[in-house]
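Residue-level structure breakdown
The lines below spell out each chain.
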Amino acid sequence: MATLAQSQSPVRRVTRVLGRIGPAYYALFFLVMIAAASQDRFLTGPTLTNLVRNSAVLGIVTIGQIATMLVAGIDLSIGPVISLTTVIAAVSMESNPEAAPGIVALCLLVGLLIGAINGFGVGVLRLNPLIFTLATGTAIQGLTLHLLYSPGGLVTRDFRELSRGALGPFDCSFCPGGVVGPIPYAAIYLLVLYLVGTWVLKRTSFGLAVYAVGGNEQSARLSGLRTERVKLSVYVISSVFAVLGGLFLASRIGSGDPLVGDPYTLDSITAGVLGGTSLFGGVGDLWGGLAAVFTLGVLSTMLNFNNVSPFYQFIIKGVILIGALAVGYLRTRGRNQ
Amino acid sequence: MTAKSVENAPRRLQHIHIPPAAIVWIAVILLLLVARAVSASFWEVSHLLNVARQASALGILAIGQTYVLITGGIDLSNAMVVTLVNVVAATLLRGSDEQLGPVVLICLAIGLVAGLVNGTLITRLKVPPLVVTLGMFSILQGIAYVYTNGAPRGDISPALEFVGTGFVGPIPTAVIFWIALTIIGVVILQRTIYGRQLYAVGGNEKASRLSGVHTNRVVVIAYIVSGLTAAIAGLILSGYVGTGTLTLGDGRNLDSIAAAVVGGTSLAGGSGSVVGAAGGALFLALLFSFLRFIGWPYTIQLMMQGLILAVAVYLHVRSQRSGQ
């Protein structure tokens, strides 16, 4: 064993470690380098704060999407659930501003219910997740438009602070400038949610069950795991995170919009795939997804700085998505040979 | 002997196999009867033909989607082929028929290239069709926005408007296109070697490759068919709306999947029917028209569509499991 380790040159060990790092981290690293080199404004407080706030919704909902992808599923109802949340939150807060905490609880309850329906269809009835969540997503979209046909409603001032606020700045004698921060709440939400999510996935028996079900459902069931219950929980998690993302979005835009969640369904799949999570289940983690979310965020910041038409973002996003898959394919092929 | 056969009769009844494609047509007839019971004026020929016209673009999209679903794949990019074809046609035609031929060829080429790229990436890189066609969706969307700079201009020509809104005798032109393409789709699927190979590849790719089928080529052609039918649907819809708009394709990818699934096509691959897809498209259009007719708003229609899709996929899965 020792001779084997010694016989490998340091260069080889470094390349082996580098080879294990997912494509999203490289993409993020190089994009940040290019952005920092080409734009003085990029590595400044206001830009980074904006970047975090703009990426927060996708960052939050991607956690849920990755969870469904880990059990070889997919959740196409995320976008409609986000829209529904903004509508419920904004419309009810406009009429009952003092009941804001209860309204937030109501939204989470709605998320639980939708997740339970998705989880029942996919986990218990074993229906195709793509079609079933498409069906529930369509129905939720209809319900959302029924509640509010065009953007409207108003969230309370305190509720707006949840996305716009920041902690600090703090004194910091070693830092350049003597202070650190202000740190936007959005950064704290993301950090806490990703830490807790990773802990659940990697350190609890539920998390191990998720990977087991995604890796091989048959053997997971035969070894005594209640696969139905695991899948059901995963879809509940996905819908609840979609509600959390919707609450953040409602706070950020200040009103309800029945179509505002639309892009997040596909963007969360893009982020999951780019972050190295397999659509076939069992492989992936949250941090890669977060790196992918910020990759997309930095990309759009850069294009804005350089006055590139935002329309090019669609093309670049598509190329990145297919490119990430191609990289994944080439890597596994290299390993198999 | 007689007693035994009587005893077996119910069991034999259970074994009568109704193909999934027939179920949707039975549903269409039931829906028509319900509509008739609610109001006789729903059965006016002009109204029913109008419903058929509304179904035609969806029906044409669903033909290609069915081909792709039979391979076990999925095509999410067809919606953006519709949008891109629409803005390109409106921009290039500028309301006149002078350049109609070349423009139609360009639009068909857009569909062909999109399908070719989809199919090639899926077969060569062995990556999930969902993600590849999602990426293609994004790329085509970007091209449509960059091409029009976000503000589509131009108008559709009179000849295309005739295809979208005109009549040949009493029958809407779009419906004639739909029927013709459905017949072609059925004939290719049921009567050609390619059709046999398509079912074989979807059912068991490895077995068909080992028995000498060029499986990659079969799959790529299915995506090209989907791209081409999307381009044709885009031209017909362009004729219907008359101008260029960046939202023409919105939601049509999922609608085409819904029509195919309601028509009895399985997402698992290996089975599927173009006649069923036509029934699925007609059923959805009839249902929406009926709900509008009795005064239910569009939002309820969306909820109903979701519900029907869920029920359809549930029934489909249940019949497959009981058949095993």
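Description of the structure in this document. All figures in this text were calculated on a predicted structure; none of them were measured in a lab.

All right, on to the overall build of chain B then. Summing up its helical and strand segments, chain B has 14 helices and two strands in all. Projected onto the principal axes, the alpha-carbon positions of chain B cover approximately 75 × 55 × 35 Å. The 324 residues of chain B split such that 52% are buried. In chain B, the share of contacts with a sequence separation of at least 24, taken over all contacts with a separation of at least 6, comes to 79%. With the model as given, the accessible surface of chain B reaches about 14,400 Å², and the carbon-plus-sulfur share is 66%. Within chain B, the 10 negative side-chain charges are centred at a point lying 17 Å from the centre of the 18 positive side-chain charges.

On to a nonpolar patch on the surface. A cluster of nonpolar residues, Ile18(B), Ile23(B), Ile26(B), Ile29(B), Leu30(B), Leu33(B) and Trp43(B), forms a patch on the protein surface that exposes about 650 Å² of accessible area. Considering the arrangement of structural elements, one finds Ile26(B) in helix H2 (residues 20-38).

With 36 residues of chain A in contact, the opposing surface of chain B contributes 41 residues. Summed over both sides, the interface between chain A and chain B buries roughly 3,400 Å², with carbon and sulfur atoms accounting for 85% of that surface. Looking at the side of chain A facing chain B, the largest losses of area belong to Ile131(A), Phe311(A) and Ile322(A), adding up to 18% of the total buried there. Our count for the chain A to chain B interface comes out at zero salt bridges. Remark: the boundary between chain A and chain B carries two residue pairs in polar contact (both at pLDDT 80 or more). Breaking the side of chain A that touches chain B down by element, the ones donating at least two residues are helix H7 (129-147), helix H13 (262-274) and helix H15 (312-336) of chain A. Here the element with the most residues in the side of chain A that touches chain B is H7(A); it accounts for twelve residues. Of the residues that constitute the side of chain A that touches chain B, the class distribution is 27 nonpolar, seven polar and two charged.

This paragraph deals with the nonpolar core. By size, the foremost hydrophobic cluster in this structure holds 112 residues, and its most contacted members are Ile131(A), Val273(A), Tyr67(B), Leu198(B), Phe283(B) and Leu309(B). In terms of residues, this core owes the most to one element, helix H13 (residues 274-293) of chain B, which gives 13 residues. Beyond its immediate stretch of four places on either side in the chain, Val273(A) contacts Met69(A), Leu279(A), Leu321(A), Leu325(A) and Val131(B). Of all hydrophobic cores here, the second largest spans 67 residues; its members include Ala35(A), Val57(A), Leu190(A) and Leu296(A).

As a further point, take helix H12 (residues 252-262) of chain B. Residue and element names in this part refer to chain B. With eight of eleven residues buried, H12 lies mostly within the body of the structure. For H12, every residue scored as buried is listed here: Asn 253, Ser 256, Ile 257, Ala 258, Ala 259, Ala 260, Val 261 and Val 262. Of the residues one or two after H12, Gly 264 is the one with positive phi, at around 95°.

The subject of this paragraph is the packing of aromatic side chains. Residues and elements named next belong to chain A. All told, the structure shown has eight aromatic pairs over all chains when counted by the stated rule. Centre to centre, the rings of Tyr 194 and Trp 287 are 5.7 Å apart; their planes meet at 40°, and the pair counts as tilted. Separated by 93 residues along the polypeptide, Tyr 194 in helix H9 (residues 185-203) and Trp 287 in helix H14 (residues 286-305) bring together distant segments of the chain. When its relative accessible area of 0% is taken as the criterion, Tyr 194 is described as buried.

This part takes up unusual backbone geometry. Even without a glycine there, the phi angle at Ala72(A) is positive, about 60°. Mapped onto the elements of the fold, Ala72(A) is located in the loop between helix H4 (45-70) and helix H5 (78-95). In the Ramachandran plot, Arg94(B) falls in the positive-phi region, its phi being about 50° despite a non-glycine side chain. Looking at where Arg94(B) falls in the secondary structure, it is placed in the loop between helix H4 (78-93) and helix H5 (100-125).

The rules we used
- Residues numbered from 1 in each chain as written.
- Chains lettered and ligands numbered in written order.
- Predicted model: local features only at pLDDT ≥ 70, side-chain atom pairs only at ≥ 80, totals over all residues.
- Heavy atoms only, no water.
- Helix = DSSP H or I, 4+ residues; strand = E, 2+ residues; numbered from the N terminus.
- Buried < 20%, exposed > 50% of the residue type's maximum accessible area, 1.4 Å probe, protein only.
- Contact = heavy atoms within 4.5 Å.
- Areas by Shrake-Rupley, 256 points an atom, 1.4 Å probe, with all protein chains shown as cover.
- Lys, Arg positive; Asp, Glu negative; His and termini not counted.
- Charge placed at Lys NZ, Arg CZ, Asp CG, Glu CD.
- Patch = residues over 30% accessible without salt bridge, like charges linked within 9 Å, V, L, I, M, F, W, Y side chains within 5 Å.
- Salt bridge = Lys/Arg side-chain N within 4 Å of Asp/Glu carboxyl O.
- Buried area = accessible area lost by both parts, 1.4 Å probe.
- Polar contact = N/O pair within 3.5 Å; in protein donor to acceptor, adjacent residues only side chain to side chain.
- Nonpolar A, V, L, I, M, F, W, Y, C, P; charged D, E, K, R; others polar.
- Core = buried A, V, L, I, M, F, W, Y, C linked by side-chain atoms within 4.5 Å.
- Phe/Tyr/Trp six-rings, centres within 6.5 Å; stacked < 30°, edge-to-face > 60°.

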